Amino acid sequence: MTRLQLAQFSNQAIMFAAIVYALAMLAHIVEWAATRSTAPGRILVGPDGAELPSAGSDLGGAERPYRVDLWGRYGIALTMVGLLLNAAGVLARGLAADRVPWGNMYEFTITGCVATVLTYLIMLRFQPIRWLGLPVTALVVVLLMLAVLLLDVPAAPLVPALHSYWLYIHVTAAMLATGSFTVGALASVLFLVRNRAERRGTAGTGISARLPEADVIDTFAYRVHAFGFPVWTFAALIAGPIWARYAWGRYWGWDPKEVWAFVTWVAYAAYLHARATAGWRGKGAAILALVGFAALLYNFVGINLWGGGLHSYAGK
Amino acid sequence: MTDLAEAPLDSRPPEPEQTPRALSPVELARWAWRQLTSMRTALMLLMLLGLAVIPGSMVPQTRVDPNAVANWQLLHPDLTPLFKRIGLFQVYGTPWFSAVYILLMVSLIGCILPRTRVYWRAALAAPPKAPKNLARLPASLTSTLDVEAADLASRARAQLIRQRFRTRVEEDSDGTIVVSAQRGYLREAGNLIFHISVALVLVAFAVGNLFGFRGGAIVVDGQTFTNDVQSYDDFAPGTLFRDSQLEPFSFTLKDFSVKFLTSGPAMGQASSFTGNLAYKADPKASERDATIQVNHPLAIGNTNVFLIGNGYAPVVTVRGGDGEVVYSGPTVFLPENASYASVGVIKAPDAKPTQLGFEGEFLPTYATGQDGQPVSAFPDLAAPALSLTAYSGDLGLGSGVPQSVYSLNKSKLTPFTDASGKPVTLTIGLGQTKKLPNGAGSITFDSVKRYARLQISSTPGEPLALGSVILGLLGLVGSLYIRPRRIWLRIRRTSTGSQVELAGLDRREGRDLNHDLTKFLDTLTKATR
Ligand code: HEM
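What counts and what doesn't
Residues numbered from 1 in each chain as written. Chains lettered and ligands numbered in written order. Predicted model: local features only at pLDDT ≥ 70, side-chain atom pairs only at ≥ 80, totals over all residues. Heavy atoms only, no water. Contact = heavy atoms within 4.5 Å. Buried area = accessible area lost by both parts, 1.4 Å probe. Salt bridge = Lys/Arg side-chain N within 4 Å of Asp/Glu carboxyl O. Helix = DSSP H or I, 4+ residues; strand = E, 2+ residues; numbered from the N terminus. pLDDT = per-residue confidence, 0-100. Donors = N, O, S within 2.8 Å, 3.2 Å for Na, K, Ca; no water. Tetrahedral: all angles 85-135°; square planar, octahedral: opposite > 155°, others 65-115°. Buried < 20%, exposed > 50% of the residue type's maximum accessible area, 1.4 Å probe, protein only. Phe/Tyr/Trp six-rings, centres within 6.5 Å; stacked < 30°, edge-to-face > 60°. Pairing = 2+ DSSP bridges. Axes fitted to C-alpha atoms, helices over the stretch in contact; angles between N-to-C directions. Left-handed = near helix turned anticlockwise from the far one by under 90°. Nonpolar A, V, L, I, M, F, W, Y, C, P; charged D, E, K, R; others polar.

A look at the interface of chain B and chain A
1) Next: On the chain A side, the residues contacting the 56 residues of chain B number 53 residues.
2) Next: Summing the contributions of chain B and of chain A, the shared interface buries around 4400 Å²; its carbon and sulfur component is 67%.
3) Next: When the buried area of chain B at its contact with chain A is split by residue, B:Leu43, B:Phe205 and B:Asn295 rank highest and sum to 14% of it.
4) Next: When the shortest N-O distance is used, the salt bridge between A:Arg245 and B:Glu462 registers 3.3 Å.
5) Next: Elements represented by at least two residues in the side of chain B that touches chain A include exactly helix H3 (39–52), helix H4 (55–58), helix H9 (186–211), strand S8 (270–280), strand S11 (303–320), strand S22 (441–458) and helix H10 (462–481) of chain B.
6) Next: Element by element, the count of residues in the side of chain B that touches chain A is highest for H10(B), at ten residues.

Some words on the confidence of the model for chain B
All names here are of chain B.
1) Next: Of the residues in chain B, 94% have a pLDDT of 70 or more, and the chain-wide mean is 87.
2) Next: When mean pLDDT is compared element by element in chain B, H10 scores highest at 95, while helix H1 (residues 3–6) scores lowest at 41.
3) Next: Across residues 1–8, confidence stays below pLDDT 50; counting only partners more than four residues off in sequence or on other chains, it has 14 contacts.
4) Next: Across the assembled chains, the prediction reports ipTM 0.85 with pTM 0.84.

What about the coordination of the iron atom of the ligand?
Tetrahedral coordination by four donors sets the ideal angle at the metal to 109.5 degrees; octahedral coordination by six donors sets it to 90 or 180 degrees.
1) Next: Protein ligation of the iron atom of the ligand involves A:His273 (NE2) and B:His195 (NE2), the donor distances falling in the range 1.9 Å.
2) Next: Around the iron atom of the ligand sit six donor atoms; with metal-centred angles ranging over 77 to 180°, the donor geometry is octahedral. Separated into two different chains, A:His273 in helix H7 (residues 256–274) and B:His195 in helix H9 make up a pair that spans both.
3) Next: Assessed through its relative accessible area of 18%, A:His273 is described here as buried.

Regarding the packing of aromatic side chains
1) Next: Scanning the entire structure with this criterion turns up 32 aromatic pairs over all chains.
2) Next: Ring geometry for A:Trp131 versus A:Phe220: centroids 5.6 Å apart, planes at 80°, classification edge-to-face. Within this pair, whereas A:Trp131 is found in the loop between helix H3 (105–126) and helix H4 (133–151), its partner A:Phe220 is found in helix H6 (residues 214–248), the two being separated by 89 residues in sequence. Note on accessibility: A:Trp131 and A:Phe220 belong to one class, buried.
3) Next: Note on A:Trp254 and B:Tyr92: the rings are 4.1 Å apart at their centroids and 10° apart in plane angle, and the pair reads as stacked. With A:Trp254 in the loop between H6 and H7 and B:Tyr92 in the loop between helix H6 (80–85) and helix H7 (95–124), the pair connects residues from two separate chains. Each member of the pair, A:Trp254 as well as B:Tyr92, is classed as buried.

Comments concerning the sheet that holds strand S7 (residues 250–260) of chain B
Residues and elements named next belong to chain B.
1) Next: The strand order across the open sheet formed by four strands is S5-S7-S8-S9, and the pairing between neighbours is antiparallel. If you trace the sheet from one side to the other, it starts and ends with strand S5 (224–226) and strand S9 (288–293), each paired once. Each strand of the sheet is rotated relative to its neighbour by a mean of 30°, with strand direction disregarded.
2) Next: Across six bridges, S8 lies against S9 in antiparallel orientation. The partner of Leu-277 across the bridge, within S9, is Ala-290.

Brief notes about the sheet that holds strand S2 (residues 166–171) of chain B
Residues and elements named next belong to chain B.
1) Next: Spatial ordering of the open sheet is given by S1-S24-S23-S3-S2, a layout of five strands whose pairing is antiparallel. Strand pairing shows two members of the sheet lacking a second neighbour, strand S1 (139–145) and S2, which therefore form its edges. Between one strand and the next, the sheet's axes are offset by a mean angle of 15°, whatever the strand orientation.
2) Next: Direction of pairing for S2 relative to strand S3 (residues 177–183): antiparallel, over a ladder of six bridges. Note that in S3 the partner of Thr-167 across the bridge is Ala-181.

Examining the pairing of strand S15 (residues 355–363) of chain B
Each regular strand displays side chains that alternate between the two surfaces of the sheet.
All names here are of chain B.
1) Next: Sheet topology places strand S14 (residues 342–348) next to S15; seven bridges connect them, and they run antiparallel. Each residue of the ladder has a partner; that of Lys-347, found in S15, is Gly-357.
2) Next: Between S14 and S15, which follow one another and run antiparallel, lie six residues.
3) Next: When S15 meets strand S18 (residues 385–393), the two strands line up antiparallel, connected through nine bridges. Note on S18: the bridge partner recorded for Leu-363 is Ala-385.

Considerations on the packing of helix H2 (residues 66–97) of chain A against H3(A)
Residues and elements named next belong to chain A.
1) Next: Across the interface, H2 lies against H3 with an axial gap of 10 Å and an inter-helix angle of 145°. Pair H2 / H3 crosses with left-handed handedness. Contact with H2, carried on its side by Ile-76, Thr-79, Met-80, Leu-83, Asn-86, Ala-87, Val-90 and Arg-93, involves Tyr-106, Glu-107, Ile-110, Thr-111, Cys-113, Val-114, Val-117, Leu-118, Tyr-120, Leu-121 and Leu-124 of H3 and no other residues of that element.
2) Next: Looking at the contact of H2 with H3, its residues break down into 14 nonpolar, three polar and two charged.

So, unusual backbone geometry
Residues and elements named next belong to chain B.
1) Next: Cis rather than trans, the peptide bond between Lys-352 and Pro-353 has omega equal to 5°.
2) Next: In this structure, Pro-353 sits in the loop between S14 and S15.
3) Next: Look at Arg-164: it is not a glycine, yet its phi comes out positive at around 65°.
4) Next: Its place among the elements puts Arg-164 in the loop between helix H8 (149–162) and S2.
5) Next: A residue is classified by how much of its surface remains accessible, and Arg-164, at 69% relative accessible area, is exposed.

As structure tokens, then:
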């Protein structure tokens, strides 16, 4: 295939990925709609008569009707197909431009979607987190549409400042961390929803009835963040400075992009601290995680559009 | 939960009391110290630090981009005095910013020291004794086996050791054997290492800022740069840096080349910049060749030379009214945009009868824009031209006030005008000479050279910074992923063998302890058959 064909193929793959993710989202909507609210009195009892912690997610519980479960499975299968198309789009884009496919905001967004969905699917392999299916697919549909409609630019080679293998290392790590922070942020939002409902005693109705206990969500959110945080530390505070040292002659210079990478890091460090501090566990910690995510997004959107600075891939 | 559960493996500082009861100075000081080194304060300070760095990304910073600061101040004359007073143009050097991070440092050190002591003791100690009532722990099992108690205990111990537990075995007075086991001692060590390296990174950062320097220089093709303070266009030494510490090297920029993409969607974008240098590490050393590129600096001793920009320096000759050459040489023009339309000035103070000045643009590929103004159509030298306005009068150089080489002080200068009284714009192609009106002289555009904009700097403490962040990352990974666990077995002798009670406790949530205990008992049972 020629470069042009590859670029066209990439665009089509991304379009189809968005469509397939949208179908996955619909399947999960059907699943959510068909799941009946948790019966408030249902309690699992162990052999000795003691109350057992419930099995976790209502979605995914063994006693759920077969048809509901089936829709959930369709959702996951479609998400996998979407991921393959999405990844193919990213790969073709890289081949078309003859470089890593993350030189501008459009590419960053489509690659970020791969990272997010991949994180979700990998975690799904080990934990019953199908309750995240709808939020994750809804998010990537919106992101891909935004990327295609607002951010698309033709594939082109990089400016010389980006010619460095540290680009591969630094940005790959940043993407990976972004993926897990995105999943973590979704989980933190759902935690807040469920937590509020539990406090008010309305956990058996509405959205929160489709979610596992607040504690379960909290533990899951912690795990994703605990994975993302060291990766982000590596991306933003090790690989980034090493590259900056070669490209600009200083490893840290408080460039706007660096400032916000640091704010993000500090916010997530505060989240990890909050989980160990009385009075901050739970709600306070979840809010700090969301603050970290807001800083991450601002760095990506705000600084790229209005911030200037040395990061020459900034600006679409 | 039992106190044993909370005890040694975690050296988290205790929650301080909310209000001091007694007010004796010593107690007050101790109370204040506890507050400062508590988790709550650490959290507050962390959040404060996150907020304190933000203004520096909203307002341009002198140390990052002095030009942007000047522009910003021109645009916001009413805010400027206030912003200056609270240091918003140098956020990272203000007292309030320093206060936040110094407090955090103190809190951090005040936190690390006692925790290290606690950890040290805990790490050397044997696993803690079993709680009285194992059934009250979050996970416990009981079983009876037809194996003799001492035999079972030694098998259990071996199995625990295989799973990398540290163990201790005790026998009560009534003959009950208790096996206590613990693993994951390194989690807390990782946490301490991480926090220590945060402190070390801050130290390394301070060392670099105090003892290093950073300077900028523009070097035109063919020119030689000698490393002394006078050679720099701008020079920012650390507080404790002495000029005599500059290493005595010199280098010549033999050739600087740029490649631009000539096709494709990003046509006109640069694809490579390369400078060929010949350098001497000191005046007596022999000359060596080197290349320098973006991302590939040249290290000479402890100093690094980075390529951070480039541009064009048109070579012009200016003659006065009497035909004498009054200015000749390459003149640095600063690029304004991606197609390298560049602005600059030429000053000829020796011209007679009056001093001459020129201000305007250099266009590597001259073209006329839609509004009739000259523009550059491509960044490379396809059709270079100068488009200048000429002035005569007094350049103001004698006033003693230093003047930028990139601007003209026009207070005592008048532009040459045409018949209708409009200032004349001279458009000069390569090799052309243009005469000034009224026999005031002439200007010739001889050739074009490229120049490299270099940053030359030395940052001591770099290896310490790098070493500490790597150590910190390892510590962090250990701290997040190592999950300490305690397991106890209480084995009682029965007439047919033994009755075993097994219980465990995790210091981190999220592991299936019940499942692991069941598996442990299974393995143990199988091994005894
Ligand atoms: C620059 C300042 C600091 C940063 C960036 C920072 C960062 C972190 C991070 C990322 C963690 C999570 C790792 C883990 O869970 O083991 C953590 C944990 C911890 N930090 Fe800090 N910290 C800082 C200052 C402090 C201070 C001043 C204290 C003293 C009170 C402190 C005490 C702790 C403790 C006790 C933990 C373990 C919490 C637990 O048991 O889960 N940190 N810190």
